[in-house]
Amino acid sequence: MLPAQRRQEILRAVRGGQAHVAQLAASFGVSEMTVRRDLRLLAGDGKLERVRGGAVDVGKEEPFHEVEVERFDVKDRIGAAAAAMVDDGQTVMIDIGTSTLQLARHLHGRRVTVVTTSLAVLEELLPDPEIELVLPGGIVRRNYRSLVGVVAEDSLRQLRADIAFLGTSAVDAEVGVWDTTMVEVPIKRIMIANSERVVLLADAAKFSMTGVVRVCGPESLDHIVTDAPLPQASRTTLAAASIEVTIA
């Protein structure tokens, strides 16, 4: 991983909370000295704040439109593979995120019902008359174009789906799913609870990243769609939990 790319991944790890030097060093396979140097540079640019043992977010979340174009080809492959799992007539829940947005783009022309808290997914599918759209209410997170809060959560509890497609900030070695934005976690958990199958969209880089809040463990997942072979530790857990993996 190039230094510039590693620093971008560090910013994602810190987003919405904090991260520790030792944890970041282990995640990226570099020395703690290298991480400290990265943190000094990022702090100097005003992108995070250095604290004892690590760094904290300064509240400047990366805009959705900038995240969307990063590694676009990988996200598009993952989205296409995930869309192929959907049958006509099914109801699907689509989580926020840039990989899940690519999934939505591959659903055009399909006779499905889409439940989503992503305004980006809504905008993408709104012109398609074949797709029935269900949008919960809630508080709008403008920067990330999503709906959150108690109204969104209560609305989702009234709905069920055949498949939920989740995005994530990170996946640990035990295949625990993590997020960096606490306010999104209740939405994800309700989607998991109210769907027959749960499919996680996570490029292989997510398996070396960190999050702030644990969303769920492997017992909540049925399938993972990724872009490259996963670490051996993760493959062992996946096999034990009978989780299918598709490499797009």
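A quick note: this is a predicted structure, and the numbers were derived from the prediction, not measured. (Residues numbered from 1 in each chain as written. Predicted model: local features only at pLDDT ≥ 70, side-chain atom pairs only at ≥ 80, totals over all residues. Heavy atoms only, no water.)

> Outline the pattern of salt bridges, supporting the account with residue identities and numerical values.
Oppositely charged side chains may form a pair once their charged atoms are brought near each other. As enumerated under the stated definition, the model contains eleven salt bridges in all. Close ionic contact of Lys 188 with Asp 95 constitutes a salt bridge, the shortest N to O distance being 2.4 Å. Residue Lys 188 is located in helix H9 (residues 185-193), and its partner Asp 95 is located in the loop between strand E4 (91-94) and helix H6 (98-105); the two are separated by 93 residues in the primary sequence. For the pair Lys 188 and Asp 95, a shared accessibility class is recorded, and that class is buried. Among the charged side chains, a salt-bridge network with shared partners connects Arg 6, Arg 7 and Asp 38. (Salt bridge = Lys/Arg side-chain N within 4 Å of Asp/Glu carboxyl O. Helix = DSSP H or I, 4+ residues; strand = E, 2+ residues; numbered from the N terminus. Buried < 20%, exposed > 50% of the residue type's maximum accessible area, 1.4 Å probe, protein only.)

> Mind laying out the sheet that holds strand E13 (residues 213-216), listing which residues take part and the relevant values?
Backbone hydrogen bonds hold the strands of a sheet together, and the pairing may be parallel or antiparallel. Across the sheet, which stays open at both edges, the three strands sit in the order E10-E11-E13 with antiparallel pairing between neighbours. Strand pairing shows two members of the sheet lacking a second neighbour, strand E10 (170-171) and E13, which therefore form its edges. Contacts between H9 and the sheet are confined to strand E11 (177-179) and E13, with E13 contributing the most and set at about 10° to the helix. (Pairing = 2+ DSSP bridges. Contact = heavy atoms within 4.5 Å. Axes fitted to C-alpha atoms, helices over the stretch in contact; angles between N-to-C directions.)

> Tell me about the nonpolar core, residues and numbers included.
With 28 residues, the main nonpolar core has Met 93, Leu 156, Met 191, Leu 200, Leu 221 and Ile 224 as its most contacted residues. Secondary-structure elements contributing two or more residues to this core are helix H8 (150-157), strand E9 (161-166), H9, strand E12 (195-201) and E13. If near-sequence neighbours (up to four positions away) are discounted, Leu 156 is found in contact with Met 93, Val 115, Thr 117, Pro 136, Ile 187, Ile 190, Met 191 and Asn 194. Residues Ala 81, Val 92, Leu 107 and Ile 163 belong to the second largest nonpolar core, which totals 24 residues. (Core = buried A, V, L, I, M, F, W, Y, C linked by side-chain atoms within 4.5 Å.)

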